[in-house]
Amino acid sequence: TLVEHILNTILFTLGGAVWGVVIASGEKDGYWAAREWGYLILLYVLLHVIRFAQFVVVYPITVRIGLSTNWPETAFQIFGGLRGALGIALGIALDNSVSKITGGTGETEAEINSRQAVGMLGGIAFLTLVINGVTAGPFLRKLGLADVSEERLRIVKSYRLRFRAELIDEMVRLLC
């Protein structure tokens with residue numbers, strides 16, 4: 001919905017601003033250095049490995065229930081998993097709570113740890129957007145999941161016509 005889109009945009013904008021402040025101040029104050037960038041990349045890779053293990057374990061179940069699945073779809077589910085909005089929201093909430101409890105000096109160990117957690121959470125969201133987001137289209141084509149059938153084109157056309165008619169009806173209702 002429109003409200004969901006607006007709220008997601010606000011969350012990612014706020015999260016990006018907080019992440020930028022954390023990284024910039026962390027590099028200046030010494031709690032975010034080259035070692036943390038290395039840990040961030042390692043965490044990004046480990047998240048993919050963990051997600052791969054989860055999907056491989058549940059694949060025998062998912063292939064037999066609901067709409068079923070296959071290996072190309074499962075491969076994209078592993079690759080395309082969203083890691084962003086919830087982590088960013090929880091990271092901001094954690095940082096605010098820790099700052100409130102400790103007085104917000106920015107010098108306590110708890111505050112430094114919460115800033116590093118926000119840095120990791122924001123970094124994972126950033127890497128997901130930059131790497132997974134940019135490469136999702138080519139990966140879908142390589143898996144053969146981006147092929148468009150005539151039936152799909154008819155369904156999309158049907159929905160487009162239906163939504164256009166509903167939009168026109170709504171506009172007429174608002175104007176009257």
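First things first, this report covers the structure right here in the doc. (Residues numbered from 1 in each chain as written. Predicted model: local features only at pLDDT ≥ 70, side-chain atom pairs only at ≥ 80, totals over all residues. Heavy atoms only, no water.)

1. A few points about the overall build of the protein chain
Consideration 1: Looking only at helices and strands, the protein chain has six helices and zero strands in total.
Consideration 2: Taken over the C-alpha trace, the protein chain has a radius of gyration of 22 Å; the compact-globule value for 176 residues is 16 Å, which it surpasses by more than 25%.
Consideration 3: When the 176 residues of the protein chain are sorted by exposure, 24% land in the buried category.
Consideration 4: Contacts in the protein chain between residues at least 24 apart in sequence constitute 69% of all its contacts with a sequence separation of at least 6.
Consideration 5: Positive and negative side-chain charges in the protein chain, numbering 16 and 15 respectively, have mean positions lying 9 Å apart. (Helix = DSSP H or I, 4+ residues; strand = E, 2+ residues; numbered from the N terminus. Rg over C-alpha atoms; globule rule 2.2 N^0.38 Å. Buried < 20%, exposed > 50% of the residue type's maximum accessible area, 1.4 Å probe, protein only. Contact = heavy atoms within 4.5 Å. Lys, Arg positive; Asp, Glu negative; His and termini not counted. Charge placed at Lys NZ, Arg CZ, Asp CG, Glu CD.)

2. What about the packing of helix α4 (residues 85-102) against helix α5 (residues 109-143)?
Consideration 1: One can describe the packing of α4 onto α5 by two numbers: an axis separation of 9 Å at closest approach and a directional angle of 170°. The orientation of α4 relative to α5 falls into the category roughly antiparallel. Handedness of the α4/α5 crossing: left-handed. Every residue of α5 that contacts α4 at Gly87, Ile88, Gly91, Leu94, Asp95, Val98, Ser99 and Thr102 is listed here: Ala110, Glu111, Ser114, Arg115, Ala117, Val118, Leu121 and Ala125. (Axes fitted to C-alpha atoms, helices over the stretch in contact; angles between N-to-C directions. Parallel < 35°, antiparallel > 145°, perpendicular 65-115°, else oblique. Left-handed = near helix turned anticlockwise from the far one by under 90°.)

3. What about the environment of leucine 94?
Consideration 1: Structurally, the position occupied by leucine 94 is in helix α4.
Consideration 2: For leucine 94, a relative accessible area of 38% translates into the label partly exposed.
Consideration 3: In this structure, the C-alpha to C-alpha distance between leucine 94 and arginine 35, residues 59 residues apart in sequence, is 22 Å.
Consideration 4: Among all residues touching leucine 94, those that are not within four sequence positions of it are Ser114 and Ala117.

4. A short note on the nonpolar core
Consideration 1: Listed in full, the eight residues of the largest apolar core are Trp19, Ile23, Trp32, Leu40, Tyr44, Met120, Ile124 and Leu127.
Consideration 2: Those elements that provide at least two residues to this core are α1 (2-29), α2 (34-62) and α5.
Consideration 3: It is α5 that contributes the most residues to this core, three residues altogether.
Consideration 4: The contact partners of methionine 120, leaving out residues within four places of it in the chain, are Trp32, Glu36, Tyr39, Leu40 and Leu43. (Core = buried A, V, L, I, M, F, W, Y, C linked by side-chain atoms within 4.5 Å.)

None of the figures reported here should be taken as evidence of function without further support.
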